[in-house]
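Each chain, written out:
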Amino acid sequence: MINDYQAALAYIHGRPRLQKDSSQRRIEHLLAQLGHPEHNVRTVHVVGTNGKGSATAYLSRLLAAVSLRVGMYTSPFLHRFNERIVLNGQPIRDDQLVTLVQKNQAND
């Protein structure tokens, strides 16, 4: 059982890399497991070769400036893994990350 931050990170980094699959089966399964959040959340997906981090940071600040709740997932992180998952400018707390990993592990 995952019960601390270091164990949660070890679990995340120990997960096998998925093989590419051109179908949408995996994402559809994940979304079903999560209760289809895509039906209730407006999103912007930033893609491309260069500038995604900057574009995402600018867009996040712009949306927050008009009082929207802004969640952001980026990769890679610079200093701590928690930088990847941000809500309203605040990285995910260690205890929140542990809780999410515990929920994911329970669904394995």
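Every chain is numbered on its own, with residues counted from 1 as its sequence reads. Owing to the predicted nature of the model, reporting of local features is limited to residues with pLDDT of at least 70; listing and counting of side-chain atom pairs is limited to 80 or more, with chain, interface and lining totals taken over all residues. For side-chain calculations, the full set of non-hydrogen atoms in the structure is used, while hydrogens and water are omitted.

K.L.:
Before we move on, can you summarise unusual backbone geometry with the specific residues and values?
P.N.:
Cis geometry is found at the peptide bond from Ser75 to Pro76, where omega equals 0 degrees. Located in the positive-phi region is Asn88, a residue other than glycine, with phi close to 50 degrees. Within the element layout of this structure, Asn88 appears in the loop between strand S2 (85–87) and strand S3 (90–91). Put simply, DSSP H or I for four residues or longer makes a helix, DSSP E for two residues or longer makes a strand, and each gets a number counted from the N terminus.

K.L.:
Hey, could you go over the packing of helix H1 (residues 5–14) against helix H4 (residues 94–106) for me, with residue numbers and the actual values?
P.N.:
Axis geometry follows a simple rule: fit a line to the C-alpha atoms, using only the stretch in contact for helices, then measure angles between N-to-C directions, giving values from 0 to 180 degrees. Direction vectors running N to C along H1 and H4 enclose 50 degrees, while the axes themselves pass 9 Å from each other. Overall, the two elements H1 and H4 adopt an arrangement that is oblique. In this structure, H1 meets H4 at a crossing whose hand is left-handed. Judged by residue contacts, Tyr5, Ala8, Leu9, Tyr11 and Ile12 of H1 engage Asp94, Leu97, Val98, Val101, Asn104 and Gln105 from H4. Amino acids are sorted into nonpolar (Ala, Val, Leu, Ile, Met, Phe, Trp, Tyr, Cys and Pro), charged (Asp, Glu, Lys and Arg) and polar (every other residue, Gly among them). Here the residues of the contact of H1 with H4 are counted per class, giving eight nonpolar, two polar and one charged. Relative orientations are named as follows: roughly parallel for angles under 35 degrees, roughly antiparallel for angles over 145 degrees, roughly perpendicular for angles from 65 to 115 degrees, and oblique for any other angle. Left-handed describes a crossing whose near helix is turned anticlockwise from the far helix by less than a right angle; the clockwise case is right-handed. Whether two residues touch is decided by their heavy atoms; if any such pair falls within 4.5 Å, the residues are in contact.

K.L.:
Any details on the packing of aromatic side chains? Residues and values, ideally.
P.N.:
Under the pairing criterion, centres of Phe, Tyr and Trp rings, with the six-membered ring standing for Trp, must be within 6.5 Å; the plane angle then separates stacked pairs below 30 degrees from edge-to-face pairs above 60, leaving the rest tilted. The final tally for this structure, using the stated rule, is one aromatic pair. When the ring of Phe77 is compared with that of Phe81, the centres are 5.9 Å apart and the planes differ by 65 degrees; the resulting orientation is edge-to-face. A relative accessible area of 7% places Phe81 in the buried class. Relative accessibility decides the category of a residue: with a 1.4 Å probe and only protein chains considered, values under 20% of the type maximum give buried, values over 50% give exposed, and everything between is partly exposed.

K.L.:
Which residues make up a nonpolar patch on the surface, and what are the values?
P.N.:
Surface patches are defined over residues having more than 30% relative accessible area and no salt bridge, joining like charges when they lie within 9 Å and nonpolar side chains (Val, Leu, Ile, Met, Phe, Trp, Tyr) when within 5 Å. Throughout, the Shrake-Rupley method with a 1.4 Å probe supplies accessible areas, and for residues the shown protein chains are the sole cover considered. Any carboxyl oxygen of Asp or Glu within 4 Å of a side-chain nitrogen of Lys or Arg constitutes a salt bridge here. Where nonpolar side chains cluster on the molecular surface, the patch consists of Ile27, Leu30 and Leu34 and spans about 280 Å² of accessible area. Inspection of the secondary structure assignment puts Leu30 in helix H2 (residues 25–33).

K.L.:
Got a sec to walk through the sheet that holds S3? Specific residues and values, please.
P.N.:
Criterion used throughout: strands pair if DSSP finds at least two bridges between them. In space, the three strands of this open sheet follow the order S1-S2-S3, with antiparallel pairing throughout. The sheet is open, and its two edges are formed by strand S1 (71–73) and S3, each paired on a single side. Inspection of the sheet shows S2 paired to S3 by two bridges, in the antiparallel sense. Each residue of the ladder has a partner; that of Val86, found in S3, is Pro91.

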